[in-house]
Amino acid sequence: MTEDPFVTHRSLLFTVAYEMLGSAADAEDVLQESWLRWAGVDRSRVSDARAYLVRTVTRQALNRLRTLARSREDYVGEWLPDPLLTSPDVAEDVELAESVSIAMLTVLETLGPTERAVFVLREVFELPYGEIAEAIGKSAATVRQIARRAREHVAARQPRVQVSRSEQQAVVERFLLALRTGQLQELVEVMAPDVVLIADGGGLAAAALTPIHGVVLVAKVLARTNRIQMDALTTTPVWLNGAPAGRIEIDGELATAVSLVVEDGRITQVYLMRNPLKLTRLNEPVQLAR
């Protein structure tokens, strides 16, 4: 029997929903809603199942984005995307890895729902303007304008310097070692002078409520956390969202996922995901696809 198109394209559909929402749980809910709609469709009238399913997921994700807007405004502290455990193979597709990075997803949070949908579908999945227009209920001309604005908005905010996988891994491992051993000077040396730390505890785990700026202050905050729990703290290099990153455990329990942006051999941004509700996808790699 031929596999159902929804199953065939499930990794793609999850990736579309996740990039639009930044939340794995919400992406799964969107896929469930889309599956129920797909189950009631007359397949004989669908000429391109992949395009049809992408449109369906996009519409459901847009609806979900609009309902989530208020809850994210009321979120305790900084809101960061859900980290996903991925295989190193995801990094082979450079554009996919960049699009699902914590840094990029954080930038996408600054777009409106429609702008975000257009940016993801056009810049990441390279859908024709006509297909995007059909998915979001706008004209192709309007979609082109939205795409241009979104592209300029993202370009002005995303990290511009690309580093090799080996350099990223080396810096991540150096950071994790310094964190685990409480070496304040090593933490200072591995980070850029204007480094920014953003932590997400969601009111469920201890975390800074606002971004912390500057290498000295960031290093002290990290080192202080380590001193409080030094005997119980372990760090492990992992692949998160298509890039080398870290997993931090306290007494064997997962406490934090850490994602780093590296430029010119030093860390410029530190993302600490500590909300336990967001750490549920770190035991088995998630399949992503374009």
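Please read all numbers here as calculations on a predicted model, not as lab measurements.

A. Spatial organisation of the environment of P244. Tracing the backbone through its elements, the reader meets P244 in strand 4 (residues 243-250). By relative accessible area, P244 is classed as buried at 8%. Discounting residues that sit within four places of it in the chain, P244 has contacts with R165, Q168, Q169, V172, V238 and W239.

B. Examining the packing of aromatic side chains more closely. Scanning all chains against the criterion turns up 3 aromatic pairs. On the basis of an interplanar angle of 65 degrees and a centroid distance of 5.3 Å, the ring pair of F6 and W35 is categorised as edge-to-face. With F6 in helix 1 (residues 5-8) and W35 in helix 3 (residues 24-39), this pair connects stretches of sequence that are 29 residues apart. Judged by relative accessible area, which is 6%, F6 ranks as buried. For W35, a relative accessible area of 32% gives the class partly exposed. Ring geometry for F14 versus Y18: centroids 6.0 Å apart, planes at 5 degrees, classification stacked. Pair noted here: F14 and Y18 are both in helix 2 (residues 10-21), with a separation of 4 residues, about one helical turn. With respect to burial, F14 and Y18 carry one shared label: buried. Taking NZ or CZ as reference, R122 lies 4.1 Å from the ring centre of Y129, over its face.

C. A look at the nonpolar core. Within the largest apolar cluster, 53 residues are counted, with the highest numbers of intra-cluster contacts made by F14, M20, L108 and I136. Those elements that provide at least two residues to this core are helix 2, helix 3, helix 4 (49-73), helix 6 (102-108), helix 7 (113-124), helix 8 (129-136) and helix 9 (140-155). Once residues within four sequence positions are removed from consideration, F14 is found in contact with A24, A27, E28, L31, L84, R281, V286, Q287 and L288. With 30 residues, the next largest nonpolar core counts L187, L233, I267 and L272 among its residues.

D. The packing of helix 7 against helix 8, seen in detail. Viewed as axis vectors pointing N to C, helix 7 and helix 8 meet at an angle of 145 degrees, and their least axial separation amounts to 10 Å. Of the two elements, helix 7 crosses helix 8, and the hand of that crossing is right-handed. Contacts between helix 7 and helix 8 involve T114, A117, V118, L121 and R122 from the first element and Y129, I132 and I136 from the second. A per-class count over the contact of helix 7 with helix 8 returns 6 nonpolar, 1 polar and 1 charged.

E. Representation of the pattern of salt bridges in the model. By the definition in use, this model includes 19 salt bridges. Salt-bridge contacts for D26 lead to R64; the nearest nitrogen and oxygen are separated by 3.0 Å. Note that D26 is positioned in helix 3 and R64 in helix 4, a separation of 38 residues in sequence. Taken as a pair, D26 and R64 share a single burial class, namely buried. Between R247 and E249 there is a salt bridge, and its shortest N-O distance comes to 2.8 Å. For the pair formed by R247 and E249, the shared burial category is buried. Among the ionic contacts, a cluster of salt bridges with common partners joins D26, D29, E33 and R64.

F. Summary view of the pairing of strand 6 (residues 266-273). Of all the 8 residues making up strand 6, 6 are buried; the element is thus mostly covered by neighbouring parts of the structure. Relative to strand 6, strand 1 (residues 191-200) runs parallel, the two being bridged by 6 bridges. Within the sheet, the bridge partner assigned to I198 lies in strand 6 and is Y271. Bridge count between strand 5 (residues 253-263) and strand 6: 7 bridges; the pairing is antiparallel. When the bridges of strand 6 are listed, L260 appears paired with V270. Linking two consecutive strands that pair antiparallel, namely strand 5 and strand 6, is a turn of 2 residues; a positive phi of about 55 degrees is found at D264 within it.

G. Region of interest: the layout of surface pockets. There is about 600 Å³ of room inside the largest pocket. Lining the largest pocket are 26 residues, and of these E98, Q162, V163, Q168 and A243 lie nearest its centre. Per element, the largest residue contribution to the lining of the largest pocket is 4 residues, and it comes from strand 5. Classifying every residue of the lining of the largest pocket gives 16 nonpolar, 8 polar and 2 charged.

H. Inspection of helix 7 at higher detail. Taking 1.5 Å per residue as the helical rise, helix 7 with its 12 residues ought to reach 16 Å, and the 16 Å between its terminal C-alpha atoms agrees with that figure. Buried residues of helix 7: T114, R116, A117, V118, F119, V120, L121 and V124, and no others. Structurally, helix 7 contributes buried residues whose contacts are with helix 2, helix 4, helix 5 (94-99), helix 6, helix 8 and helix 9. In the stretch just after helix 7, E126 is the one whose phi turns positive, near 55 degrees.

Rules used throughout
- Residues numbered from 1 in each chain as written.
- Predicted model: local features only at pLDDT ≥ 70, side-chain atom pairs only at ≥ 80, totals over all residues.
- Heavy atoms only, no water.
- Helix = DSSP H or I, 4+ residues; strand = E, 2+ residues; numbered from the N terminus.
- Buried < 20%, exposed > 50% of the residue type's maximum accessible area, 1.4 Å probe, protein only.
- Contact = heavy atoms within 4.5 Å.
- Phe/Tyr/Trp six-rings, centres within 6.5 Å; stacked < 30°, edge-to-face > 60°.
- Lys NZ or Arg CZ within 6 Å of the ring centre and 35° of its normal.
- Core = buried A, V, L, I, M, F, W, Y, C linked by side-chain atoms within 4.5 Å.
- Axes fitted to C-alpha atoms, helices over the stretch in contact; angles between N-to-C directions.
- Left-handed = near helix turned anticlockwise from the far one by under 90°.
- Nonpolar A, V, L, I, M, F, W, Y, C, P; charged D, E, K, R; others polar.
- Salt bridge = Lys/Arg side-chain N within 4 Å of Asp/Glu carboxyl O.
- Pairing = 2+ DSSP bridges.
- 1 Å grid on protein atoms, 1.4 Å probe; cavity = no way out; pocket = protein on both sides within 12 Å on 5 of 7 lines; lining within 4 Å.
- Points joined across faces, edges and corners; volume = space filled by probe spheres on them.
- Expected span 1.5 Å × (residues − 1).

Any functional reading would require information that these geometric values do not contain.
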